[in-house]
Amino acid sequence: MSASKKIKTALISVFHKEGLDGILTKLHEQGVEFYSTGGTQSFIESLGMSCHSVESLTGYPSILGGRVKTLHPKVFGGILNRRDHTGDQAQIQEYNIPEIDLVIVDLYPFHETVASGASEEEIIEKIDIGGISLIRAAAKNFNDVVIVASKNQYAALDRLLSEQGGVSTLEDRKWFAKEAFAVSSGYDTAIFNYFDHNEGTYFRQAHDNAKVLRYGENPHQKGIFYGDFNAVFDQLQGKEISYNNLLDINAATDLIAEFDELTFAVLKHNNACGIASRSTVKEAWEAALAGDPVSAFGGVLICNAPIDPAAAEEITKIFFEVIIAPAYDPAALEILEQKKNRIILIQKQNPEAPYQFRSLLTGALAQDKNLSIQTETDLKTVTGKAPTNKEIEDLLFANKLVKNTKSNAIILAKDKQLCAGGVGQTSRVDALKQAIEKAKSFGFNLEGAVMASDAFFPFPDCVEIAHDAGITAVIQPGGSIKDNLSIEYCNNNNMAMVMTGVRHFKH
């Protein structure tokens, strides 16, 4: 078996024809003989190149409304025959089957058709049969055949034609086969998930656009991001985005999506260390930074409003890794770009990821994303004293924040500003004590502040500690068999408490 193979014949049948003409021209110049079907054959001939129809090879026309075109032994025999196998070679001679050295095929746009909201009949007709079979056949016979299963591989084929004169090595063909199986497996995954209707009968996920990162969470770990980062962001400048940057960016976009009014947040290790809602970007930034100016060093910044020059002048005074905003005033951008390693991102859309999963033990753990957030109508006042309008604003603000904070979590807020958070503690009491101590260390007066908890209070100790610190209103999901103890303490100490009925654990 020779490792190098010269392309002499090609079967080409594609739905998308963008970028194909250059490939066809080079193949034609190298004397490659073409076989094709329908619209692709017409396209080839429109370029002034001769092409055999598949119908002339098989003796059958395209039938069943185009459902059956290439499914024939003369096509698949030409692809699957082993060039070094005596029996295979005798049979293709007996049945007059031409060898096919190159298959260029793509698949009907199933995923795009589903996303368009098309009818079920239209979707089913976009389940490719012939194309997927050609891909598998050609990829299986990589010893002898080059398979190009997507226009994403046109560049690699172009290099093979230009630099190697259409001669492929075994390594080349194995690479194309690997890419082809990635295409076919991803296609089948999309079809399965359509039929599964998010029931989770089996775990099937497929993501393209693998990006190898500098390293993973730590330098000794390998890291790869699978997904289309550029669909969500435009990177205007800065160093290569790291694994940890991506985790923080994801946490930042999840958090900022909760807020409609102008809000600025600073995140570190996936948790907000500062966040505030204000009438201007500069004011929001200054209030967010005040929440923890120490942790803000090297953090990820995000705002849901365009960054103006006045804000940029203040922001640039500290070291940060990433800044995210929907837009930047040109003068603001000029200020921020003075540090070339800063990662400056424009967020173009909110990531669409209603489903979350992570590897665990011998498998994967999956769940719906926590998209629940409470409004004023969801609040149930359980104390004799009702919260004031200002306290309700702060309670809702704090509840959005505690939802996006690692459990056990306590958030203290005042005037739509994070005073401090107790993050990722094994005890809710410890989380509260941490938050109070931190708030006081940065000069916050907690008199009239509110407290949010991601889960219920099993005992009244947290409301007792909060009251001693000056907290006047509390928001929590409720649900403890001892809720009455916390409610009773609030009633006896002139505190307001509302319950949401929704827990916000985050691990």
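Up top is the structure.
Described in the following lines is the structure provided in the data block. (Residues numbered from 1 in each chain as written. Predicted model: local features only at pLDDT ≥ 70, side-chain atom pairs only at ≥ 80, totals over all residues. Heavy atoms only, no water.)

## Things to note about unusual backbone geometry
Reasoning step 1: Asn 408 follows Ser 407 through a cis peptide bond whose omega is -10°.
Reasoning step 2: Mapping Asn 408 onto the fold places it in the loop between α15 (389-403) and β19 (410-413).
Reasoning step 3: Phi angles above zero are rare outside glycine, and His 269 is one such case at about 55°.
Reasoning step 4: A residue is classified by how much of its surface remains accessible, and His 269, at 66% relative accessible area, is exposed.
Reasoning step 5: If you check the backbone angles, Asn 270 has positive phi at about 75° while not being a glycine.
Reasoning step 6: Residue class for Asn 270 comes out partly exposed when judged on its relative accessible area of 25%. (Helix = DSSP H or I, 4+ residues; strand = E, 2+ residues; numbered from the N terminus. Buried < 20%, exposed > 50% of the residue type's maximum accessible area, 1.4 Å probe, protein only.)

## As for the sheet that holds strand β20 (residues 418-422)
Reasoning step 1: Strand order across the open sheet formed by six strands is β18-β23-β22-β21-β19-β20, with mixed pairing between neighbours. Strands at the two margins of the open sheet, each flanked by one partner only, are β18 (380-381) and β20.
Reasoning step 2: Bridge count between β19 and β20: four bridges; the pairing is antiparallel. What sits directly across from Ala 413, in β20, is Leu 418.
Reasoning step 3: Here α15 sits on the sheet in contact with β19, β20, β21 (450-453), β22 (473-476) and β23 (496-499), set at roughly 35° to β21.
Reasoning step 4: Sitting on the sheet, helix α18 (residues 483-492) touches β22 and β23, and the angle it makes with β23 is about 150°. (Pairing = 2+ DSSP bridges. Contact = heavy atoms within 4.5 Å. Axes fitted to C-alpha atoms, helices over the stretch in contact; angles between N-to-C directions.)

## Considering the packing of aromatic side chains
Reasoning step 1: One pass over the full model with this rule turns up 12 aromatic pairs.
Reasoning step 2: Taking the centre distance of 5.8 Å and the plane angle of 85° together, the rings of Phe 110 and Tyr 194 count as edge-to-face. Of this pair, Phe 110 sits in helix α6 (residues 110-115) while Tyr 194 is found in helix α10 (residues 170-196), placing the two residues 84 residues apart along the sequence. For the pair Phe 110 and Tyr 194, a shared accessibility class is recorded, and that class is buried.
Reasoning step 3: Members of the aromatic cluster, joined through ring pairs, are Phe 110, Tyr 187, Tyr 194 and Phe 195. (Phe/Tyr/Trp six-rings, centres within 6.5 Å; stacked < 30°, edge-to-face > 60°.)

## Here we look at the sheet that holds strand β13 (residues 299-303)
Reasoning step 1: If you walk across this open sheet you meet the six strands as β10-β15-β14-β13-β11-β12, and the pairing is mixed. The open sheet terminates on both sides in strands that have one partner only, identified here as β10 (233-237) and β12 (271-277). Taken over all neighbouring pairs, the strand axes of this sheet differ in orientation by 20° on average, direction set aside.
Reasoning step 2: As defined by bridge partners, β10 adjoins strand β15 (residues 343-347) across four bridges and the pair is classed as antiparallel. Paired with Gln 235 across the bridge in β15 is Leu 345.

## Brief notes about the pattern of salt bridges
Reasoning step 1: Using the criterion set out here, one finds 19 salt bridges in the structure.
Reasoning step 2: Linking Lys 26 and Asp 158 is a salt bridge whose minimum nitrogen-to-oxygen distance equals 2.8 Å. Placement of the pair is Lys 26 in helix α1 (residues 20-29) and Asp 158 in helix α9 (residues 154-164), with a sequence separation of 132 residues.
Reasoning step 3: Here Lys 390 ties to Asp 415 by a salt bridge, and the two come within 2.8 Å at their closest N and O atoms. With a gap of 25 residues between them, Lys 390 in helix α15 and Asp 415 in the loop between β19 and β20 connect regions that are remote in the sequence.
Reasoning step 4: Residue classification places Lys 390 among the partly exposed residues on the basis of a relative accessible area of 40%.
Reasoning step 5: Residues joined by salt bridges that share partners form a network here, namely Arg 83, Glu 99 and Asp 101. (Salt bridge = Lys/Arg side-chain N within 4 Å of Asp/Glu carboxyl O.)

## Some words on the packing of helix α16 (residues 428-441) against helix α17 (residues 461-469)
Reasoning step 1: With their axes 9 Å apart at the nearest point, α16 and α17 run at an angle of 10° to one another. Between α16 and α17, the interaxial angle falls into the category roughly parallel. Residue-level inspection shows Arg 428, Val 429, Leu 432, Lys 433 and Ile 436 of α16 in contact with α17, the latter providing Asp 461, Cys 462, Ile 465, Ala 466 and Ala 469.
Reasoning step 2: In terms of residue class, the contact of α16 with α17 is made up of seven nonpolar, no polar and three charged. (Parallel < 35°, antiparallel > 145°, perpendicular 65-115°, else oblique. Nonpolar A, V, L, I, M, F, W, Y, C, P; charged D, E, K, R; others polar.)

## So, the environment of Cys 490
Reasoning step 1: Tracing the chain through its elements places Cys 490 in helix α18.
Reasoning step 2: Sequence spacing of Cys 490 and Val 382 is 108 residues, and the spatial spacing of their C-alpha atoms is 9.6 Å.
Reasoning step 3: The residues touching Cys 490, leaving out its near neighbours within four places in the chain, are Thr 383, Val 463, Met 495 and Met 497.

## Things to note about the packing of α1 against α9
Reasoning step 1: At a minimum axis separation of 10 Å, α1 and α9 run at an interaxial angle of 20°. As the angle between them shows, α1 and α9 are arranged roughly parallel. You can see that α1 and α9 cross each other, and the crossing is left-handed. Two secondary-structure elements touch here, α1 through Leu 20, Ile 23, Lys 26 and Leu 27 and α9 through Tyr 154, Leu 157, Asp 158, Leu 161 and Ser 162.
Reasoning step 2: Of the residues assigned to the contact of α1 with α9, the class counts are six nonpolar, one polar and two charged. (Left-handed = near helix turned anticlockwise from the far one by under 90°.)

## Section: the state of the cysteines
Reasoning step 1: Per the stated rule, a full pass over the model turns up zero disulfides.
Reasoning step 2: Cysteine Cys 419 remains unbridged, with the sulfur of Cys 273 as its closest cysteine sulfur at 14 Å. (Disulfide = S-S within 2.5 Å.)

## Concerning the pairing of β19
Reasoning step 1: Residues Ile 410 and Leu 412 point to one face of β19 and Ile 411 and Ala 413 to the other, with burial holding for every one of them.
Reasoning step 2: In textbook terms, the turn of a hairpin is the stretch between consecutive antiparallel strands, and for β19 and β20 this stretch comprises four residues, one of which, Asp 415, has a positive phi near 55°.
Reasoning step 3: The pairing of β19 with β21 spans four bridges and is antiparallel. For Leu 412, the partnering residue across the bridge sits in β21 and is Met 451.

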